[in-house]
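Chain by chain, the residues:
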Amino acid sequence: MTLIKSISGIRGTIGGAPGEGLTPIDIVKFSYAYCKWLTGRGHAAEGRYKVVVGRDARLSGSMVEDLVCGTLVSCGVDVINAGLASTPTTEMAVILSGADGGIILTASHNPKQWNALKLLNEKGEFLTAEQGNRILELAESGDFEFAAVDKLGKVTEHDFTDAHLDAVTALEAVDAAAIRKASFKVVLDAVNSVGGIIMPELLERLGVECICINCEPTGDFVHNPEPLPANLTGLSEAVVRYGADLGISVDPDVDRLAFICETGEPFVEEYTLVSIADYLLRREEERGVRGMATVSNLSSSRALRDVTESHGGVWYPAAVGEVNVTTRMHEVGALIGGEGNGGVIYPAIHSGRDAMVGVALFLSNLAGLGISASALKASLPQYFIAKNRIELDDPRLTDLILDAAKTAFPGGKVNTVDGVKIDFDDRREWIHFRRSNTEPVIRIYSEAMTVERAEELGGVAVSLANSIIRQCSVSVRHP
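These figures come from a predicted structure and were not determined experimentally.

Q: Help me get a handle on the packing of helix H7 (residues 195-205) against helix H12 (residues 355-369), residues and values and all.
A: A pair of packed helices is captured by two measures, namely the crossing angle of their axes and the spacing between those axes. Contact pair H7 / H12: the axes reach a minimum separation of 10 Å and the direction vectors enclose 30 degrees. As the angle between them shows, H7 and H12 are arranged roughly parallel. As for how H7 packs across H12, the hand of that crossing is right-handed. For the pair formed by H7 and H12, the contact residues are Ile198, Met199, Leu202 and Leu203 on the first element and Ala355, Met356, Val359 and Leu363 on the second. For the contact of H7 with H12, the residue count by class is 8 nonpolar, no polar and no charged.

Shown next as C-alpha cells:
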C-alpha cells in the first residue's frame with residue numbers, strides 16, 4: 001500500500017514488503033522532520049521544546065509510540081506521553097501543558113492495519129498545508145543530526161482524560177442538570193479503542209446510564225471502524241433490545257460521532273453537526289444574537305446552511321480537511337463548525353473535532369427539548385446524501401475525471417476550491433467530486449431532497465467517472 005502524505009497526516013498500512021506502507025524507517029524519518037521543523041521555528045515556550053504524544057488503541061500503537069517518543073528524545077525534545085488518549089484529548093493536552101506541539105498516533109476511521117502520525121502546532125491544531133509540505137521536504141532531505149548524550153530529551157507520562165472532561169462539562173452550553181434529570185439510557189459502541197475509556201466516564205459524570213459494547217480497548221476492531229450506518233447494525237439492534245434512548249458510536253480516535261435513534265434507525269452522521277449547530281444557534285437567537293457564523297466542508301449536507309440561515313446566521317464553506325475547516329472558522333469567527341462525517345468543532349473549548357463535546361451538547365439539546373432522538377431528527381431539514389468512492393490504480397486519472405466534471409452538468413454552479421462541486425441551488429441538490437486526503441480513491445458525493453434523487457445523481461456522476469476510466473483502459477474496483 002502506498003504511503004499517503006496529506007494535510008490529514010502521514011499514514012499507511014503496517015507490515016508488508018520493504019517500501020510499502022508506513023514502515024519503522026518512515027516513522028523515525030517523519031518524527032525527526034517534525035522535530036527539525038519545530039525547533040527551527042524559534043525559542044521553545046519553556047526553554048526546552050516539549051511535545052505531547054497520544055495514541056489510539058490500534059494493534060500497532062505501542063510500537064509506533066516507542067519509535068516516535070524515542071526519536072523525539074534523540075532530537076533533544078522532551079515528551080509528555082499521554083498514552084491511550086483520544087485525538088481531542090491529545091489536542092487539549094497541548095493547550096493544557098503549554099507544549100510546543102503534539103503528535104497523535106492514529107489512522108482515525110481506517111481499518112486496524114493502518115496507522116498514522118497526525119501533527120499539531122502549539123495551539124493543539126493540525127498543521128497547515130504549507131507547514132506539512134515543509135516537513136515532507138525535511139523528511140526527504142536525508143539531513144539528520146541528533147542531540148548529544150547530555151542534551152537528550154526526557155519522557156514524562158500524564159493522563160489528561162480528567163482534565164479534558166472537566167473542560168467539557170464546564171462549558172456553559174452543556175446543561176448537566178437537565179441531562180441528569182432526563183435519566184437517559186444509551187448504548188455506546190467504542191469499536192475497541194480509546195472511546196471505551198473516556199466516553200463511559202463522561203456519561204457517568206452526566207448521570208447517563210451507559211451500556212457498553214465493543215468498549216474494551218484491544219485495537220482489534222470488531223467491525224469496520226468508520227461510524228457509518230452500514231457498520232452500526234449491531235449498535236442499532238442493541239438500542240432496540242435494551243430499550244435505550246440513544247445509540248452512540250465513535251471512531252477509534254473519538255473525533256467522529258454518530259447516533260442511533262431509539263427506534264434503531266440511524267440519526268445519520270451528517271446530522272450530528274446539524275443538530276448541535278441548531279441547538280447553539282437557537283440559544284444565541286434567544287439571547288437576541290443573530291448573524292452568527294457556521295462552517296462546514298463542501299462535502300457536508302446543505303442542512304447546516306438551512307439551519308444557520310433559519311436562525312439569522314451565515315454559513316461558510318471550506319475545503320475538506322479539518323485544518324481547512326478550522327482555518328475558515330478562525331477567519332469568520334464561527335460559533336461552531338465541522339464536517340458531515342460526524343466531526344463537531346466547538347471553539348469555546350478548542351478548535352478540533354471532539355466527540356465528547358458533541359455528546360454533551362447533543363444530550364443537552366435532547367434533554368432541553370424533552371423529545372426523542374427520532375423526533376429531533378424529523379424537526380431538521382431533510383436531505384439525503386449518496387456517498388460513492390472509486391479506487392484508482394493510477395492517481396493521474398483523478399485530474400481527468402475532475403476536468404470532465406466541470407462541463408458535464410449544464411445549469412449547475414461549479415466550485416473548484418476542493419475538487420469539483422456542482423451546485424443546483426434551485427433544486428437544493430449538489431454533486432461533489434474530490435480526491436481523498438486519506439486514501440487512494442476519488443470520492444463522489446451527491447445530495448438531494450429524496451434518497452432516490454441523491455442516488456440518481458450519484459449514479460450519473462459515477463458513470464461519468466467510469467467512462468473516463470474505460471477510455472484510459474485502466475482497471476479499477478468500485479465497491
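Q: With reference to specific residues and values, describe the environment of isoleucine 276.
A: Mapped onto the elements, isoleucine 276 comes out in helix H9 (residues 270-286). Isoleucine 276 has contacts with Ile336, Val344, Gly358, Leu361 and Phe362, leaving out every residue within four places of it along the chain.

Q: Now, about the confidence of the model for the chain: what can you tell me, with residues and values included?
A: Of the residues in the chain, 96% have a pLDDT of 70 or more, and the chain-wide mean is 94. Predicted confidence is poor over residues 474-479, with pLDDT under 50, and the contacts of this stretch with residues over four places away or in other chains come to 19 contacts.

Q: Provide a residue-level description of the sheet that holds strand S15 (residues 343-345), including the pertinent values.
A: Taken together, the 4 strands give an open sheet; going across it, the order is S13-S12-S14-S15, and neighbouring strands pair in mixed fashion. With partners counted over all chains shown, the strands left at the sheet margins are strand S13 (314-318) and S15, one partner each. Averaged over all pairs of adjacent strands, the angle between their axes in this sheet comes to 20 degrees, without regard to strand direction. Note that strand S12 (residues 293-297) and S13 share 5 bridges and pair parallel. Residue pairing across strands places valine 295 opposite tyrosine 316, the latter belonging to S13. In the packing of H9 onto the sheet, the strands contacted are S12, strand S14 (336-339) and S15, and the crossing angle to S14 comes to about 175 degrees.

Q: Tell me about the packing of aromatic side chains, residues and numbers included.
A: Overall, the coordinates contain 7 aromatic pairs when judged by the stated rule. When the ring of tyrosine 32 is compared with that of phenylalanine 144, the centres are 4.8 Å apart and the planes differ by 75 degrees; the resulting orientation is edge-to-face. Taken together, the residues span a long stretch of sequence, with tyrosine 32 in helix H1 (residues 24-39) and phenylalanine 144 in the loop between helix H4 (129-141) and strand S7 (155-157) at a distance of 112 residues. Given a relative accessible area of 35%, phenylalanine 144 falls into the partly exposed group. Residues phenylalanine 259 and phenylalanine 362 carry aromatic rings whose centres are separated by 3.9 Å and whose planes lie at 25 degrees to one another, so their mutual orientation is stacked. Of the two residues, phenylalanine 259 sits in strand S11 (residues 257-260) while phenylalanine 362 sits in helix H12, which places them 103 residues apart along the sequence. Overall, the relative accessible area of 2% leaves phenylalanine 259 in the buried class. Of the aromatic side chains, those joined through ring pairs into one cluster are Tyr32, Phe144 and Phe146. Over the ring of tyrosine 271 we find lysine 377, and its NZ or CZ is 4.4 Å from the ring centre.

Basis of the calculations
Residues numbered from 1 in each chain as written. Predicted model: local features only at pLDDT ≥ 70, side-chain atom pairs only at ≥ 80, totals over all residues. Heavy atoms only, no water. Axes fitted to C-alpha atoms, helices over the stretch in contact; angles between N-to-C directions. Helix = DSSP H or I, 4+ residues; strand = E, 2+ residues; numbered from the N terminus. Parallel < 35°, antiparallel > 145°, perpendicular 65-115°, else oblique. Left-handed = near helix turned anticlockwise from the far one by under 90°. Contact = heavy atoms within 4.5 Å. Nonpolar A, V, L, I, M, F, W, Y, C, P; charged D, E, K, R; others polar. pLDDT = per-residue confidence, 0-100. Pairing = 2+ DSSP bridges. Phe/Tyr/Trp six-rings, centres within 6.5 Å; stacked < 30°, edge-to-face > 60°. Buried < 20%, exposed > 50% of the residue type's maximum accessible area, 1.4 Å probe, protein only. Lys NZ or Arg CZ within 6 Å of the ring centre and 35° of its normal.

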